[in-house]
Amino acid sequence: MITRVLQAGEGIARATELIRRGQVVAFPTETVYGLGANALDPAAVEKIFAAKGRPGDNPLIVHIAGLEEMAPLVQGELPEAAALLAEAFWPGPLTLILPKSHRIPDVVSAGLDTVGIRMPDHPVARALIRAAGVPIAAPSANRSGRPSPTTARHVLQDMAGRIPLILDGGSCGVGVESTVLDLCSRPARVLRPGGVTPGMIAGVLGSVDVDESVLQPLKEGETVRSPGMKYKHYAPRGRMTIVQGAGAQGEIARLYDEAERAGQRACILALEGNVPAYGERRVLALGADAESAAAKLFAALRSMDELGIQRIISEAVPPNGMGLAVMNRLERAAAFDLVSLTPEEKGNC
Ligand code: AMP
Ligand code: MG
């Protein structure tokens, strides 16, 4: 199969036609690029799983373009919380988990009786959903396990020859996937942090829980609430370690030097203001704050592979606000290899 890349404006008509014919198309959203198909057509949705190499027990998010499209996808009456959150944050990077109606094929929800629904805040995504006239099921447009794509070039790296069309809409603004919020739990529970933070949700609902798995590996035998969180994710090829706490910069420099002495090509991931602290060492800057770290993170992880980096040592960011989403992705990219320094250890660095 030949994969065409078209500028979003000129490509929407072609993308619409493909979606209507049960094909798969990559398109930009404000979070990351999505790999979309008609959510109501099981055979079309199967093609998403095949193109990504995605395990069949990992459900897809259903994307809509108007509020009126939500109720038919949900079983029973819409909870008030859903209406309030949609009003506050849609269109935007928030996915709501609700009981699914019979219209959602089992392949979309991976056999669960719930469905994740989101209204993206990107003109191309909205125009495509509207023109196709159906909800679009779309996971991130990477091969399973790879960092999510935030440019059309990233999508092409993973999907060349596997899908017919990529709509190029430039770089994604948020840069990490949507917040996944389970509205079937009481209180509502964040299963995956993203651009809509727990604080913002609590501002609307009064309170919200954050699932333990957000910053910790699953314990053995633990039931996973968000199936996607159990897989190795976002992983660059090089071994990655995150260092946090007192004296982290010294320890990061030490781990870098140790790797280079052992003949490995190493690189540091750091916030922009800290780059000078690492002297002549190879550093990729993540921007000045958690928001820009989120926007740059996946591109940085992909560049590590392009630069042939074998050892990555990353700074941590405080896990507040958008920092929670950044740490959630960093920890998975590092397969939870996290070094936490206490003040006493500072002297050793
Ligand atoms: P992706 O589409 O690659 O951004 O991944 C979608 C994420 O949403 C995965 O982590 C899924 O496990 C999660 N998700 C989607 N639908 C549900 C659902 N019904 N219940 C819980 N998590 C879900
Ligand atoms: Mg994904």
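First, a word on what this report is: a plain description of the structure on this page. Note that this is a predicted model, so its numbers are computed, not measured.

1. Things to note about the overall build of the chain
Point 1. Secondary structure summary: the chain contains ten helices and 16 strands in total.
Point 2. The globule rule puts the C-alpha radius of gyration for 349 residues at 20 Å, and the 20 Å found for the chain is close to it.
Point 3. Seen along its three principal axes, the alpha-carbon backbone of the chain occupies a region of about 60 × 50 × 35 Å.
Point 4. A total of 349 residues make up the chain; the buried ones form 55% of that total.
Point 5. Accessible area of the chain: about 14100 Å², with a carbon and sulfur share of 51%.
Point 6. Computed over 36 positive and 38 negative side-chain charges, the inter-centroid distance for the chain is 6 Å.

2. Focus: the packing of helix α1 (residues 8-20) against helix α5 (residues 123-132)
Point 1. Following both chains from N to C, one finds α1 and α5 inclined at 40 degrees, their axes separated by 9 Å at the closest point. As summarised for this structure, α1 and α5 are arranged oblique, according to the angle between their axes. Crossing of α1 against α5: the hand is right-handed. Between α1, through Ala8, Ile12, Ala15, Thr16, Ile19 and Arg20, and α5, the contact on the second element is made entirely by Val124, Ala127, Leu128, Ala131 and Ala132.
Point 2. A per-class count over the contact of α1 with α5 returns nine nonpolar, one polar and one charged.

3. Some remarks on the packing of helix α9 (residues 290-306) against helix α10 (residues 322-333)
Point 1. Viewed as axis vectors pointing N to C, α9 and α10 meet at an angle of 20 degrees, and their least axial separation amounts to 8 Å. Viewed along their axes, α9 and α10 adopt a mutual orientation that is roughly parallel. At the point where α9 passes α10, the crossing takes the left-handed sense. For the pair α9 and α10, the contacting residues are Ala290, Glu291, Ala293, Ala294, Leu297, Phe298 and Leu301 in the first and Met322, Gly323, Val326, Arg329, Leu330 and Ala333 in the second.
Point 2. In the contact of α9 with α10, the residues fall into ten nonpolar, one polar and two charged.

4. Things to note about the environment of glutamine 23
Point 1. The topology assignment puts glutamine 23 in the loop between α1 and β2 (25-27).
Point 2. Note on glutamine 23: relative accessible area 21%, which makes it partly exposed.

5. Some remarks on the nonpolar core
Point 1. Judged by nonpolar contacts, the single largest core of 46 residues is most densely connected at Leu35, Trp90, Leu94, Leu96 and Leu181.
Point 2. Elements with a contribution of two residues or more to this core: β3 (34-38), α2 (42-52), α3 (80-89), β5 (94-99), α4 (106-109), β6 (114-118) and α6 (152-159).
Point 3. The element that contributes the greatest number of residues to this core is α2, accounting for five residues.
Point 4. Contact partners of tryptophan 90, with chain neighbours within four places excluded, come to Ile64, Leu67, Met70, Leu85, Leu96, Ile117, Arg118 and Met119.
Point 5. Among the nonpolar cores identified, the runner-up in size contains 28 residues, and Val174, Ile242, Ala293 and Ala325 belong to it.

6. Remarks on the sheet that holds strand β11 (residues 209-210)
Point 1. Strand order across the open sheet formed by eleven strands is β1-β8-β2-β3-β7-β4-β6-β5-β9-β10-β11, with mixed pairing between neighbours. Sheet topology places β1 (4-7) and β11 at the edges, where each strand pairs with a single neighbour.
Point 2. One ladder, built from three bridges, connects strand β9 (residues 179-182) with strand β10 (residues 189-192); its direction is antiparallel. Paired with aspartate 182 across the bridge in β10 is arginine 189.

Rules used throughout
- Residue numbers run consecutively from 1 along every chain, following the written order of its sequence.
- Here chains are named by letter from A upward and ligands by number from 1 upward, in the order in which they appear as written.
- Where totals are concerned, whole chains, interfaces and linings use all residues; where local detail is concerned, this predicted model gives features only for residues with pLDDT of at least 70, and gives and counts side-chain atom pairs only at 80 or more.
- Only heavy atoms go into the side-chain values, all of them from the structure, while hydrogens and water stay out.
- Helix and strand definitions follow DSSP, with helices as H or I runs of at least four residues and strands as E runs of at least two, each counted in order from the N terminus.
- Both definitions apply: the radius of gyration is a C-alpha atom measure, and the globule rule equals 2.2 Å times residues to the power 0.38.
- Note on classification: 1.4 Å probe, protein chains only; a residue is buried when its accessible area is under 20% of the maximum for its type, exposed when over 50%, partly exposed between these limits.
- Here, Shrake-Rupley sampling with a 1.4 Å probe gives the accessible areas, and only protein chains in the shown set may cover a residue.
- Counting rule for charge: Lys and Arg are taken as positive, Asp and Glu as negative, and neither His nor the chain ends is counted.
- By convention, charge coordinates are those of NZ in Lys, CZ in Arg, CG in Asp, or CD in Glu.
- The axes are straight lines fitted to the C-alpha atoms, using for helices just the contacting stretch, and the angles between their N-to-C directions are given from 0 to 180°.
- We call two directions roughly parallel when the angle between them is under 35 degrees, roughly antiparallel when it is over 145, roughly perpendicular when it lies between 65 and 115, and oblique otherwise.
- In this scheme the crossing of two helices becomes right-handed for a clockwise turn of the near helix relative to the far one and left-handed for an anticlockwise turn of less than a right angle.
- Note on definitions: a residue-residue contact is assigned when non-hydrogen atoms from the two residues lie within 4.5 Å.
- Residue classes follow a fixed rule: Ala, Val, Leu, Ile, Met, Phe, Trp, Tyr, Cys and Pro count as nonpolar, while Asp, Glu, Lys and Arg count as charged, and any other residue, Gly among them, counts as polar.
- Among buried residues, the Ala, Val, Leu, Ile, Met, Phe, Trp, Tyr and Cys ones that are joined through side-chain atoms within 4.5 Å form a nonpolar core.
- In short, DSSP must find at least two bridges between two strands for them to pair.

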